[in-house]
Amino acid sequence: TVERTLYFTVVSVSLELILGLAIAQLIHSRPWGWKFLRFSLIIPWAVPTIVNGAMWRWIYSADFGALNGILYQFGLINHYIPWLTLPDAAMNLVIVADLWHTVPFVALILQAALATLPEELNEAAAVDGANAFQRFWKIRLPLLRPAILVALIVRTVEAFRVFDIVYIITGGGPANQTITISYLTYLFSFSYGKQGTGAALSFLISIFTITIAILYIRFLYR
């Protein structure tokens, strides 16, 4: 269970940071339609997690899901696949659903931080011959450390104690392959009647999140 929770946390938070930073940089460059893109990011993030989980459960449905329909129409599969019954794929499918909901949150935080950075530094580096990647890696990314810290702490805490989206999409299955620590805490506390074990697991979640927050702060403010 701990391994599955760590896998969900590491993969989801890493992808959220990478995708969120890419989207934030895209919006900051102000291409055509950037205002609509920034506005549209609010929609997935504003959807309640329960609703998001229910929507993705329908998308993954083996009988009438949109995922099967799209793949079948493009000839990528020749029959509908019961995605949520595949032990090796279930956790990754939950991560995809979580990304759709949470990447906009990270992107909006980083885009707001990018908007406050002084452009004089970027322009001076360009005059000195630095290319776009060097300006991003040496100037913008270090200045984004406070915003990145906030996004990482918030998302790591939420990801490690993930429960609702797992409960709605897979219910811990198939074959217990998507049971996380928070879901196990729920089972022990309310299904098995072992409140002591549930309290111990809750304490473990708290210790982990505090430890991760301290490590983030020490790393980003070296």
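Refer to the structure presented above.
Residues numbered from 1 in each chain as written. Predicted model: local features only at pLDDT ≥ 70, side-chain atom pairs only at ≥ 80, totals over all residues. Heavy atoms only, no water.

Student: Is there a simple way to think about the overall build of the protein chain in this case?
Tutor: The secondary structure content of the protein chain amounts to twelve helices and zero strands. Reading the protein chain from its N terminus to its C terminus gives the helix and strand order α-α-α-α-α-α-α-α-α-α-α-α. Overall size of the protein chain, expressed as C-alpha extent along the three principal axes, is 65 × 50 × 25 Å. In the protein chain, which comprises 222 residues, the proportion classed as buried is 42%. The long-range fraction of contacts in the protein chain, counting pairs at least 24 apart against all pairs at least 6 apart in sequence, stands at 68%. When the accessible surface of the protein chain is split by element, carbon and sulfur atoms take 68% of a total near 12500 Å². (Helix = DSSP H or I, 4+ residues; strand = E, 2+ residues; numbered from the N terminus. Buried < 20%, exposed > 50% of the residue type's maximum accessible area, 1.4 Å probe, protein only. Contact = heavy atoms within 4.5 Å. Areas by Shrake-Rupley, 256 points an atom, 1.4 Å probe, with all protein chains shown as cover.)

Student: Is there a simple way to explain helix H8 (residues 132-143) in this structure?
Tutor: Note: α-helices contain 3.6 residues per turn, so residues at a spacing of three or four share the same orientation. Look at H8: 16 Å from first C-alpha to last across twelve residues, which is about the 16 Å you get at 1.5 Å a residue. Those residues of H8 that are buried are in contact with helix H1 (2-28), helix H6 (87-115), helix H7 (119-127) and helix H9 (145-160). Backbone nitrogen of Phe 133 and a side-chain oxygen of the N-cap are separated by 3.2 Å at the start of H8; the cap is Asn 131. (Expected span 1.5 Å × (residues − 1). Polar contact = N/O pair within 3.5 Å; in protein donor to acceptor, adjacent residues only side chain to side chain.)

Student: What exactly am I supposed to notice about helix H4 (residues 49-59) here?
Tutor: When we look at burial in H4, the residues that qualify are Asn 52, Gly 53 and Trp 56. Projected onto a plane normal to the axis of H4, the buried residues spread over an arc of 100 degrees and lie on a single side. Tucked inside the fold, the buried residues of H4 contact H6 and helix H10 (164-169). (Arc of directions from axis to C-beta.)

Student: How should I be thinking about the nonpolar core in this particular structure?
Tutor: Inside soluble globular proteins, nonpolar side chains tend to come together where they are buried. Counting residues in each nonpolar core, the largest one holds 42 residues, and the members touching the most others are Phe 8, Leu 110, Leu 144, Ile 165 and Ile 169. Taken together, the elements giving at least two residues each to this core come down to H1, H6, H8, H9, H10 and helix H11 (181-191). If you tally residues by element for this core, the top one is H6, at twelve residues. Contacts of Phe 8, omitting those with residues within four sequence positions, involve Val 13, Met 91, Val 94, Ile 95, Asp 98, Ala 159 and Val 162. Residues Ile 27, Trp 34, Leu 41 and Leu 108 belong to the second largest nonpolar core, which totals five residues. (Core = buried A, V, L, I, M, F, W, Y, C linked by side-chain atoms within 4.5 Å.)

Student: How do you make sense of the environment of Lys 194 when you look at a structure like this?
Tutor: In this fold, Lys 194 is placed in the loop between H11 and helix H12 (195-220). Setting aside anything within four residues of it in sequence, one finds Lys 194 in contact with Phe 188 and Ser 189.

Student: Would you mind going over the packing of H1 against H6 with me for this structure?
Tutor: When two helices pack together, their arrangement is given by the angle between the helix axes and by the axis-to-axis distance. Close contact between H1 and H6 brings their axes to 6 Å; oriented N to C, the two are set at 40 degrees. When the axis of H1 is compared with that of H6, the two are oblique. As for how H1 packs across H6, the hand of that crossing is right-handed. (Axes fitted to C-alpha atoms, helices over the stretch in contact; angles between N-to-C directions. Parallel < 35°, antiparallel > 145°, perpendicular 65-115°, else oblique. Left-handed = near helix turned anticlockwise from the far one by under 90°.)

Student: Help me understand a nonpolar patch on the surface, please; the structure alone is not making it clear to me.
Tutor: Nonpolar side chains collect at one region of the surface, where Phe 36, Phe 39, Ile 42, Ile 43 and Trp 45 lie side by side and expose about 560 Å² of accessible area between them. Of all the secondary-structure elements, those providing two or more residues to the nonpolar patch are helix H2 (34-40) and helix H3 (42-46). No other element matches the three residues that H3 contributes to the nonpolar patch. With respect to the helices, strands and loops of the structure, Trp 45 is situated in helix H3. (Patch = residues over 30% accessible without salt bridge, like charges linked within 9 Å, V, L, I, M, F, W, Y side chains within 5 Å. Salt bridge = Lys/Arg side-chain N within 4 Å of Asp/Glu carboxyl O.)

Student: Mind showing me how you'd approach the pattern of salt bridges here?
Tutor: Where side chains of opposite charge bring their charged atoms close, a pairing between them can arise. One pass over the full model with this rule turns up four salt bridges. Residue Glu 16 is joined to Arg 155 by a salt bridge in which the shortest nitrogen-to-oxygen separation is 2.7 Å. Pair noted here: Glu 16 is in helix H1 and Arg 155 is in helix H9, with a separation of 139 residues, a long-range link. The closest approach of N and O atoms between Asp 98 and Arg 155, which form a salt bridge, is 3.2 Å. A residue pair is termed long-range when its members are at least 10 positions apart, and Asp 98 in helix H6 and Arg 155 in helix H9 qualify at 57 residues. Under the relative-accessibility criterion, Arg 155 is labelled buried at 3%. Three or more residues are tied together by salt bridges with common partners; here these are Glu 16, Asp 98, Arg 155 and Glu 158.

Student: What am I meant to see in the environment of Ile 217 here?
Tutor: Take Ile 217: it is sitting in helix H12. For the pair Ile 217 and Val 150, spaced 67 residues apart in the sequence, the C-alpha separation amounts to 9.6 Å. Discounting residues that sit within four places of it in the chain, Ile 217 has contacts with Leu 149 and Ile 153.

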